[in-house]
2 protein chains.
Amino acid sequence: MPPFGREARKGVIMNRPKGKALVAQSGGPTAVINASACGVIQAALAHGDAFTGVYGALNGILGVLQEQLMDLEREDPAQIDRLKRTPSAALGSCRHKLRSLDKDRRDYERILEVFRAHDIRYFFYIGGNDSMDTAAKLGRLAREVDYEMVAIGVPKTIDNDLAYTDHCPGYGSVAKFNAAAVMEAGLDTEALSTHDTCTVHEVMGRNAGWIAAATGLARRDEDDAPHIILLPEVPFVIDTFVWQVKDCLARRQRCFVVCGEGVKTPEGQYLGQAGGDFAKDAFGHSQLGGAGEAVRALIESRVGVKARTNRAGTAQRNAMHFASRTDVEEAYRVGRSAVEAALAGVNGMMVTLERHPGGAYRCGTGLVELETVANGEKKLPPEFIGPDGVSVTDAFRDYAGPLILGEADLEIAPDGLPVYARLGKHLVARRTTGSYNVR
Amino acid sequence: MPPFGREARKGVIMNRPKGKALVAQSGGPTAVINASACGVIQAALAHGDAFTGVYGALNGILGVLQEQLMDLEREDPAQIDRLKRTPSAALGSCRHKLRSLDKDRRDYERILEVFRAHDIRYFFYIGGNDSMDTAAKLGRLAREVDYEMVAIGVPKTIDNDLAYTDHCPGYGSVAKFNAAAVMEAGLDTEALSTHDTCTVHEVMGRNAGWIAAATGLARRDEDDAPHIILLPEVPFVIDTFVWQVKDCLARRQRCFVVCGEGVKTPEGQYLGQAGGDFAKDAFGHSQLGGAGEAVRALIESRVGVKARTNRAGTAQRNAMHFASRTDVEEAYRVGRSAVEAALAGVNGMMVTLERHPGGAYRCGTGLVELETVANGEKKLPPEFIGPDGVSVTDAFRDYAGPLILGEADLEIAPDGLPVYARLGKHLVARRTTGSYNVR
């Protein structure tokens, strides 16, 4: 862990308050968000002098609003350690979005009420843009009302769309799994090309094509899958796509398409929801089932060959059974760094991953203000997208390649399946009266 | 390898002809059909005295019909060995179904013409029911026209629906991957239950529920996913299902459903194609995208909670990155056994897997006549299905549990992704004149 240097000085360095630490997980689970939680929890427990307790919020910010807090000191340390190798969000997560602080302070005030009731002075929030926004606003309100607290953000998102960090924990693992799945399913399409000539493999990534692009790492050879990568950053033009599929079929007698779930028409409509040619398959039915199904139907109706759809769905973001060791280690490290930053007097910042310049991949941690990161969104830059709009460049390979390196530790039970942590989730007694109505 | 005893005596024991061996792969790829091919090829190459050459058919029986044969002796032995760890069908496969021999002998006569032209006297056919049927008929015609040849079947199907064998190579691996994926995605549903309350995970298995049932192995605890397993063997009754989902939600505030792609209505229609309530989601759209999408839409419209769909598609049957070591080893062994059987004078039979009775799992090989196996289809027996119709019994766990044990060897390249075999596919010169029109 490098010391918090230049970046930390930008943050609000303060005298450290004494009180409890709270960790919460937010948004869509990943293979490694628990590794980050483990980093926070283990670092906090190791500093019993600095924290009067270590709590977890059940189901993210919802658990704070509903005062469902867990005492993590009562958990079995072995289960806490196992979080490093456990996918999904073991504390529970949610997609509850707080309203704008300017418009409605109620939720924020409720959070501070709960914090105050339990003397929570450190809030470690693991999440994406929205979570950093929440943490920033909470910090602002706390300063207004003179409640001394420290808020530190820990980045997490498979989408890899957080700005101000080289990449996001969670991305390397979803990238590795999808690249392997595309490599494997690509061999299937090759073997059965006389029958199932095309395959459309839909991957997550609503607004940015980072995950779709990562499947390009599977393409070691020109003829390997994926042959066409549809990115949300590149508007989907039917005639261009149909031409590209036909060209691929002429060259290889098969075509493997990766489709980001957030691919849009030139008019800005998601493929899975668009009307017109997308909405009708060869039989005139409306299409549901997402972008991949729309593209499949289009291939069958406009190219006239059989196509299949793969969509691992939520399984892809939790594929700990083939996760990136690099990703797990970095996720753990940003969790620990968040606590170390707090102990160093940092407040109102998110830990970032900073790639060292130069040849071999090395990555340290840094800090960025929560307010800053909250408003950024990082799309795939043009230099990562091939000139044909459906492939990735060597620059992208240089960027993403190191993030999928190494295989995460996996504990296999005698039954042949992974062993994942189960927390006791020991709820602490409520200290506020009445119930809070979450909207 | 146990000797070919009682079963072999049922086969046609003959003087062994001298000539080339041909291996072909058929139907949907699996994680281990290449391991079987490797077993055949390595055993045949090791008996250079018995075979005048070892050929492979490009794209299965299509390659025979079109006289696209590969000389496997020209392949790099390291690539051949790597087939043990390579998913999909490296020789190429197809879904070409030959017509009935009684109605149309043309395809069969063409196959014998190609065999005769290349002096192919041993045909090792790796596939399912249809392939065994083809091999049986070919053998029958060969006897009629006095062409001395040996046909041996090697079982393969992820569906596990071949009769007369304890289980099929390919099943253990698709079972292991799907069980792990359900375990992992199940944790996702648990973590996000306040938002994405239900998940429908569709798995392959058109006519039999073996794969869907195998995900039940992930349910170590009553509250673990999957909570509801929809099997093709159990007619899908809407009201019963809706009640089961609601009951699960009342108990666990979440519901994880596994849905076999071949689940049917009481009227015998596939869910993905059925009309009525299945065909309309909450917005009145028709449903495409398979059984899983139909069930998802039904949950949203009838239960009123958000549901998601996962469908790994072809990725599931090629998931070598988390395949069963037991499956790989058995697949390799049935391949070798096929050659050993041929060398022992067996003809017209398929190698089977025979589980030894008693406690610890042990499995040997046996033989069954091709004609017999061709007409059998093995569905999930009632004693493997729980009384609620949507779970599996301990008897099923005892049956399927050992098949997913151990992790297959995986070779990882410096780029962090698996290394899979690539064959040179050296085509041999054609010896028949004119082109054959495959229908």
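Residues numbered from 1 in each chain as written. Chains lettered and ligands numbered in written order. Predicted model: local features only at pLDDT ≥ 70, side-chain atom pairs only at ≥ 80, totals over all residues.

Draft legend 1. The overall build of chain A, seen in detail. The secondary structure content of chain A amounts to 14 helices and 11 strands. For 439 residues, the compact-globule formula gives about 22 Å, and the C-alpha radius of gyration of chain A, at 23 Å, lands near that figure. Viewed in the frame of its principal axes, chain A has a C-alpha envelope of about 70 × 45 × 45 Å. Sorting the 439 residues of chain A into buried and exposed places 59% on the buried side. Within chain A, contacts between residues separated by at least 24 positions form 76% of all contacts whose residues are at least 6 apart in sequence. (Helix = DSSP H or I, 4+ residues; strand = E, 2+ residues; numbered from the N terminus. Rg over C-alpha atoms; globule rule 2.2 N^0.38 Å. Buried ≥ 20, exposed ≤ 12 C-beta atoms within 10 Å, placed from the backbone. Contact = placed C-beta atoms within 7 Å.)

Draft legend 2. Structural view of the domain arrangement of chain A. All names here are of chain A. Split into domains, chain A comes out as domain 1 (6–157 + 320–374) and domain 2 (171–317). Taking only C-alpha atoms into account, the centre of domain 1 sits 36 Å from that of domain 2. Taken together, the contacts link 10 residues of domain 1 with seven residues of domain 2. Class assignment for the residues of the side of domain 1 that touches domain 2 results in five nonpolar, four polar and one charged. (Domains from an automatic or database assignment. Nonpolar A, V, L, I, M, F, W, Y, C, P; charged D, E, K, R; others polar.)

Draft legend 3. Seen up close, the relation of the copies chain A and chain B. Relative to chain B, chain A is turned by 180° and slid 0.0 Å along the rotation axis, the superposed coordinates differing by an RMSD of 0.0 Å. Taken together, these values place the two copies in the relation of a two-fold axis. Rotation axis and chain A: the residue whose C-alpha lies nearest the axis is Ala312(A), separated from it by 2.2 Å. A share of 100% of interface residues in chain A that are also interface residues in chain B marks the association as one of identical surfaces. (Least-squares fit on C-alpha atoms with pLDDT ≥ 70 in both.)

Draft legend 4. Expanded view of the sheet that holds strand β1 (residues 19–25) of chain A. All names here are of chain A. Here seven strands make up an open sheet; going across it, the order is β3-β2-β1-β4-β5-β10-β11 and the pairing mixed. Each edge of the sheet is formed by a strand with only one pairing partner; in this case those strands are β3 (69–71) and β11 (363–369). Between one strand axis and the next, the sheet turns by 30° as a mean value, whatever way the strands run. Bridge count between β1 and strand β4 (residues 120–127): six bridges; the pairing is parallel. Along β4, the bridge assignment pairs Ala21 with Tyr122. Against the sheet, helix α6 (residues 129–144) makes contact with β4, β5 (150–155) and β10 (349–355), and its axis sits at roughly 160° relative to β4, the strand it touches most. Its contacts with the sheet put helix α12 (residues 325–343) on β4, β5, β10 and β11, and the angle it makes with β5 is roughly 165°. (Pairing = 2+ DSSP bridges. Axes fitted to C-alpha atoms, helices over the stretch in contact; angles between N-to-C directions.)

Draft legend 5. Highlighting the pairing of strand β9 (residues 307–311) of chain A. Residues and elements named next belong to chain A. Of all five residues in β9, four are buried, a share of seventy percent or more. Direction of pairing for strand β6 (residues 198–203) relative to β9: parallel, over a ladder of five bridges. Note on β9: the bridge partner recorded for Cys198 is Ala307.

Draft legend 6. Main features of the interface of chain A and chain B. Between chain A and chain B, the residue contacts involve 59 residues of the former and 59 residues of the latter. The element contributing the most residues to the side of chain A that touches chain B is helix α7 (residues 171–191) of chain A, with 11 residues. Taken together, the residues of the side of chain A that touches chain B break down into 27 nonpolar, 21 polar and 11 charged.

Draft legend 7. Structural view of the sheet that holds strand β1 (residues 19–25) of chain B. All names here are of chain B. Overall, mixed pairing links the seven strands, which are arranged β3-β2-β1-β4-β5-β10-β11 in an open sheet. The open sheet has two free edges, formed respectively by β3 (69–71) and β11 (363–369), since each of these has just one partner strand. For this sheet the average axis-to-axis angle between neighbouring strands, irrespective of direction, equals 30°. Along the sheet face, helix α2 (residues 33–46) touches β1, β2 (51–57), β4 (120–127) and β5 (150–155) and points at about 175° away from the line of β1.

Draft legend 8. Looking closely at helix α10 (residues 290–303) of chain B. Residue and element names in this part refer to chain B. Here α10 spans 20 Å end to end across 14 residues, near enough to the 20 Å set by a 1.5 Å rise per residue. Of all 14 residues in α10, 10 are buried, a share of seventy percent or more. All of the buried residues along α10 are Gly290, Ala291, Gly292, Glu293, Ala294, Val295, Arg296, Ala297, Leu298 and Ile299. Gly304 sits one or two residues past α10 and shows a positive phi near 80°. (Expected span 1.5 Å × (residues − 1).)

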